[in-house]
Amino acid sequence: MLNLLLVLLLQTQTLAPGQKVVVGLEDGQEVTIQDPVFTGFIEGHSGEAVLTYREGSIHGEVPLKNVSRIEFRPYKKGRPFSLTVTLKNGQVLQVEAERRDYVSLRGSTDAGMVTIKQPDPLSGPVGLTTRQANRKKDLTIQYLEFPTS
């Protein structure tokens with residue numbers, strides 16, 4: 001029984017490595033990240049990551065292995081991120097990010113390890129302020145694509 005569990009665990013671990021995500025940035029650059037680790041409204045490692053969303057009064061989760069592309073629609077102040085999610089079966093969902101108001105991903109590229117955050121907290125002014133940050137100026141990610149191979 002223990003051997004069967006070990007075999008299943010090893011098979012699961014060998015399926016996830018090698019996954020990549022193409023990050024389209026606001027300035028037009030594209031970055032390909034291998035074996036990404038997500039935090040925020042997308043949470044998890046590579047093939048095991050899950051997008052949590054809300055569509056009206058419906059709350060849901062979709063595994064990233066079922067997602068082809070996530071587009072960030074224009075940000076509206078005081079609202080969660082609006083997303084256009086294209087599933088691998090062709091279905092398109094118009095949803096909002098659930099629970100957390102940010103996403104970050106970390107992984108390796110040809111140039112080494114990178115971390116990309118949405119919104120990018122480093123773009124804001126340094127110092128104390130009594131006003132909320134202008135999140136629209138801090139946005140870095142335009143879309144995420146999940147190639148099949």
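These figures come from a predicted structure and were not determined experimentally.

Counting 30 residues, the largest nonpolar core has Phe38, Ile42, Ile70, Leu83 and Leu144 as the members making the most contacts within it. Within the residue set of this core, elements represented by two or more residues are strand E1 (20–25), strand E2 (30–40), strand E4 (50–55), strand E6 (67–72), strand E7 (82–87), strand E8 (92–97), strand E9 (103–109) and strand E11 (141–145). In this view, Leu83 contacts Phe41, Leu51, Ile70, Glu71, Phe72, Arg73, Leu93, Gln94, Val95 and Ala97; residues no more than four positions away in its chain are not counted.

Attention now goes to the side chain of Thr84. Residue placement: Thr84 occurs in strand E7. Look at Thr84 and you get buried, because its relative accessible area is 13%. A polar contact of 3.3 Å, which involves the side chain of Thr84, links it to the side chain of Arg73. In terms of polar contacts, Thr84 uses its side chain to reach the side chain of Gln94, at 3.0 Å.

Another aspect to go through is the pattern of salt bridges. The full count for this structure, using the stated rule, is four salt bridges. For Glu98, the salt bridge identified is with Arg54, shortest N-O distance 3.5 Å. Of the two residues, Glu98 is situated in the loop between E8 and E9 and Arg54 in strand E4; the sequence distance between them amounts to 44 residues. Between Arg69 and Glu71 there is a salt bridge, with its nearest N and O atoms 3.2 Å apart. Accessibility expressed as a relative area gives 32% for Glu71, which makes it partly exposed. Taken together, the salt bridges that share partners define one network made up of Arg54, Glu96 and Glu98.

Two elements, E1 and E11, share four bridges in a ladder whose sense is antiparallel. Opposite Leu25, over in E11, you have Ile141 as the bridge partner. Pairing of E6 with E11, which is carried by three bridges, proceeds in the antiparallel orientation. Bridge pairing links Glu71 to Tyr143 in E11.

Here the focus is the pairing of E8. Pairing of E4 with E8, which is carried by two bridges, proceeds in the antiparallel orientation. Bridge pairing links Arg54 to Glu96 in E8. For E7 and E8, the ladder comprises five bridges, and the chain directions are antiparallel. Opposite Ser82, over in E8, you have Glu96 as the bridge partner. Counting the residues that bridge the hairpin from E7 to E8 gives four residues, and of these Gly90 lies at a positive phi of roughly 95°.

Definitions and cut-offs
- Residues numbered from 1 in each chain as written.
- Predicted model: local features only at pLDDT ≥ 70, side-chain atom pairs only at ≥ 80, totals over all residues.
- Heavy atoms only, no water.
- Core = buried A, V, L, I, M, F, W, Y, C linked by side-chain atoms within 4.5 Å.
- Buried < 20%, exposed > 50% of the residue type's maximum accessible area, 1.4 Å probe, protein only.
- Helix = DSSP H or I, 4+ residues; strand = E, 2+ residues; numbered from the N terminus.
- Contact = heavy atoms within 4.5 Å.
- Polar contact = N/O pair within 3.5 Å; in protein donor to acceptor, adjacent residues only side chain to side chain.
- Salt bridge = Lys/Arg side-chain N within 4 Å of Asp/Glu carboxyl O.
- Pairing = 2+ DSSP bridges.

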